[in-house]
Amino acid sequence: MAKEPKARRIVADNRGARYHYTIEDTVEAGIALVGTEVKSLRANKATIGEAYAGPSGNEIFLFNANIPEYLQANRFNHEPRRPRRLLLSRRQINKFIGATQREGYTLVPLKLYFNEQGRAKLELGLGRGKKLHDKRETEKKRDWERERGRLMREKG
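What counts and how
- Residue numbers restart at each chain and count upward from 1, following the sequence in its written direction.
- The model is predicted, so local features are restricted to residues of pLDDT at least 70 and side-chain atom pairs to those at 80 or more, both for listing and for counting; the totals for chains, interfaces and linings are taken over all residues.
- In computing side-chain properties, one takes all heavy atoms of the structure into account and sets aside hydrogens as well as water.
- Each aromatic pair joins two rings of Phe, Tyr and Trp (for Trp, the six-membered one) with centres within 6.5 Å, and gets the label stacked for planes under 30 degrees apart, edge-to-face for over 60, and tilted for any other angle.
- Both a distance and an angle decide whether a charge sits over a ring: NZ of Lys or CZ of Arg must be within 6 Å of the ring centre and within 35 degrees of the ring normal.
- Only DSSP runs of H or I with at least four residues qualify as helices, and only runs of E with at least two residues qualify as strands; both kinds are numbered from the N terminus onward.
- Here a polar contact is taken to be a pair of N or O atoms separated by no more than 3.5 Å, where protein atoms must pair a possible hydrogen donor with a possible acceptor and residues adjacent in sequence count only if both atoms sit in side chains.
- The contact criterion used throughout is that any non-hydrogen atoms of two residues lie within 4.5 Å.
- As used in this record, nonpolar core signifies buried Ala, Val, Leu, Ile, Met, Phe, Trp, Tyr and Cys residues forming a set joined through side-chain atoms within 4.5 Å.
- The buried label goes to any residue with under 20% of its type's maximum accessible area, the exposed label to any with over 50%, and the partly exposed label to all in between, with areas taken from a 1.4 Å probe on protein chains only.
- By convention in these notes, a salt bridge is any Lys or Arg side-chain nitrogen within 4 Å of a carboxyl oxygen on Asp or Glu.

Participant: Just give me the short version of the packing of aromatic side chains, but keep the residues and values in it.
Facilitator: Under the definition given, this model contains 2 aromatic pairs. Relative to Phe63, the ring of Phe61 lies with its centre 6.3 Å away and its plane at 35°, an arrangement referred to as tilted. An aromatic cluster is built from Tyr52, Phe61 and Phe63, whose rings are joined through pairwise contacts. Across the ring face of Phe114, the terminal group of Arg42 is positioned such that the distance to the ring centre comes to 4.3 Å. The residue whose ring lies beneath Arg128 is Tyr105, and the NZ or CZ to ring-centre distance is 4.2 Å.

Spelled out as structure tokens, the structure:
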């Protein structure tokens, strides 16, 4: 009897990203972590709400992501907000570096999760910042969808 594949388990979600940015492209990136960071992630203790990704030399790093210290690891702990290298192919790295430097795009972390093999992955979005009127329009659409769903349930 074959084992069922595990579904991906979301550790952290950046819920405000799609509100503040128009996401045009997404990609799954690996993250270079140390052991205590993985243990802390498995305990669902991470926040990526204030995090961003950007180039540093010829690599792309995740900055300002908070993975708190693992309490059981005494002196071997990690720095909670250290820059973490993202594992992408050279073609993807060149594409993202060009988009952020020339075209005014931003690399926004959307989700941090464990995939089916148990590896920590980051869903990274290439987005452009929304203006205030775009945010208002998005909010109006969301409110209308909610109201429409309510009306449809009442009508039955």
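Participant: So, the side chain of Arg84: which residues are in play, and what are the values?
Facilitator: On the secondary structure map, Arg84 appears in strand β5 (residues 84-87). A distance of 3.0 Å separates the side chain of Arg84 from the backbone oxygen of Ala65, its partner in a polar contact. Of the polar contacts made by the side chain of Arg84, one reaches the backbone oxygen of Glu79; its length is 3.5 Å. Sequence-distant contacts of Arg84, defined by excluding residues within four places in its chain, comprise Ile31, Ala32, Leu33, Glu37, Ile60, Phe61, Leu62, Ala65, Ile67, His78 and Glu79.

Participant: Can you explain the nonpolar core? Please cite residues and give values.
Facilitator: Within the largest apolar cluster, 28 residues are counted, with the highest numbers of intra-cluster contacts made by Leu41, Ile60, Leu86 and Leu112. Broken down by secondary-structure element, the contributors of at least two residues to this core are β1 (9-13), β2 (21-31), β4 (59-63), α3 (90-102), β6 (106-114) and β7 (120-129). The contact partners of Leu112, leaving out residues within four places of it in the chain, are Ile10, Val11, Ala12, Ile31, Leu41, Ala46, Ile48, Lys121 and Leu122.

Participant: Before we move on, can you summarise the pattern of salt bridges with the specific residues and values?
Facilitator: According to the stated counting rule, one finds 10 salt bridges in the structure shown. Measuring nitrogen to oxygen at the nearest pair gives 2.9 Å for the salt bridge that ties Arg84 to Glu37. Separated by 47 residues along the polypeptide, Arg84 in strand β5 and Glu37 in helix α2 (residues 35-42) bring together distant segments of the chain. Classification of Arg84 as buried rests on a relative accessible area of 1%. For Glu37, a relative accessible area of 0% corresponds to the buried category. For Asp143, the salt bridge goes to Arg146, with nearest N and O atoms at 3.2 Å. One end of the pair, Asp143, and the other, Arg146, are both in helix α4 (residues 132-155), 3 residues apart, so they sit about a helical turn from each other.

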